[in-house]
Amino acid sequence: GAPANERFDWLIEKACELGAHAIQPLLCERSVLRVQGERAERKQAHWQAVAVAAAEQCGRTRPLDVRAPLALPAWLA
């Protein structure tokens, strides 16, 4: 599940530095992070900007893809 606050930003930075290709935020039943609709789109855009900055910092040519947040049942389907 996706952590709240700046923890997810840090997670994206480290995943990019380690060479991850994509991140899929999962919204679980007991997740602290709750985003829907336009707020989810703004969060995804922010996370993608974090990924671009992390890619530039570590010398990576392509940033990782931060996908739209999904609820766990939707992701499993």
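Residues numbered from 1 in each chain as written. Predicted model: local features only at pLDDT ≥ 70, side-chain atom pairs only at ≥ 80, totals over all residues. Heavy atoms only, no water.

Enquirer: Before we move on, can you summarise the overall build of the chain with the specific residues and values?
Expert: Each helix and strand in the chain was counted, giving three helices and four strands. Listing every helix and strand of the chain by position from the N terminus yields α-β-β-α-β-β-α. For 77 residues, the compact-globule estimate of 2.2 N^0.38 gives 11 Å, and the C-alpha radius of gyration of the chain, at 12 Å, lies within 12% of that figure. Taken along its principal axes, the extent of the C-alpha atoms in the chain is 35 × 25 × 20 Å. Per-residue burial over the chain gives 30% buried out of 77 residues. If you take every contact in the chain between residues at least 6 apart in sequence, the share linking residues at least 24 apart comes to 69%. Carbon and sulfur atoms make up 52% of the accessible area of the chain, which amounts to about 5,300 Å² in all. Here the chain contributes 10 positive and 9 negative side-chain charges, whose respective centroids are spaced 5 Å apart. (Helix = DSSP H or I, 4+ residues; strand = E, 2+ residues; numbered from the N terminus. Rg over C-alpha atoms; globule rule 2.2 N^0.38 Å. Buried < 20%, exposed > 50% of the residue type's maximum accessible area, 1.4 Å probe, protein only. Contact = heavy atoms within 4.5 Å. Areas by Shrake-Rupley, 256 points an atom, 1.4 Å probe, with all protein chains shown as cover. Lys, Arg positive; Asp, Glu negative; His and termini not counted. Charge placed at Lys NZ, Arg CZ, Asp CG, Glu CD.)

Enquirer: How would you explain the packing of helix α1 (residues 7–18) against helix α2 (residues 37–58) if you had to name every residue and give the values?
Expert: Axis separation between α1 and α2 bottoms out at 9 Å; the angle between their running directions is 40°. In terms of orientation, α1 and α2 fall into the oblique class. When you trace α1 past α2, the crossing you get is right-handed. For the pair α1 and α2, contact is made by Phe-8, Asp-9, Ile-12, Glu-13, Cys-16 and Glu-17 and by His-46, Trp-47, Val-50, Ala-51, Ala-54, Ala-55, Gln-57 and Cys-58, respectively. Considered class by class, the residues forming the contact of α1 with α2 number nine nonpolar, two polar and three charged. (Axes fitted to C-alpha atoms, helices over the stretch in contact; angles between N-to-C directions. Parallel < 35°, antiparallel > 145°, perpendicular 65-115°, else oblique. Left-handed = near helix turned anticlockwise from the far one by under 90°. Nonpolar A, V, L, I, M, F, W, Y, C, P; charged D, E, K, R; others polar.)

Enquirer: Can you lay out α1 for me, pointing to particular residues and giving the numbers?
Expert: When the terminal C-alpha atoms of α1 are compared, their 16 Å separation across twelve residues agrees well with the 16 Å that a helix rising 1.5 Å per residue should span. Within the sequence span of α1, burial applies to Phe-8, Asp-9, Ile-12, Ala-15 and Cys-16. In a view along the axis of α1, the buried residues occupy a sector of 130°, so they form one face of it. Residues Arg-7, Trp-10 and Leu-18 are exposed on α1 and point more than 90 degrees away from its buried face. Packed against the buried residues of α1 are β1 (22–23), α2 and β3 (65–66). Two residues or fewer after α1 comes Gly-19, characterised by a positive phi angle close to 100°. (Expected span 1.5 Å × (residues − 1). Arc of directions from axis to C-beta.)

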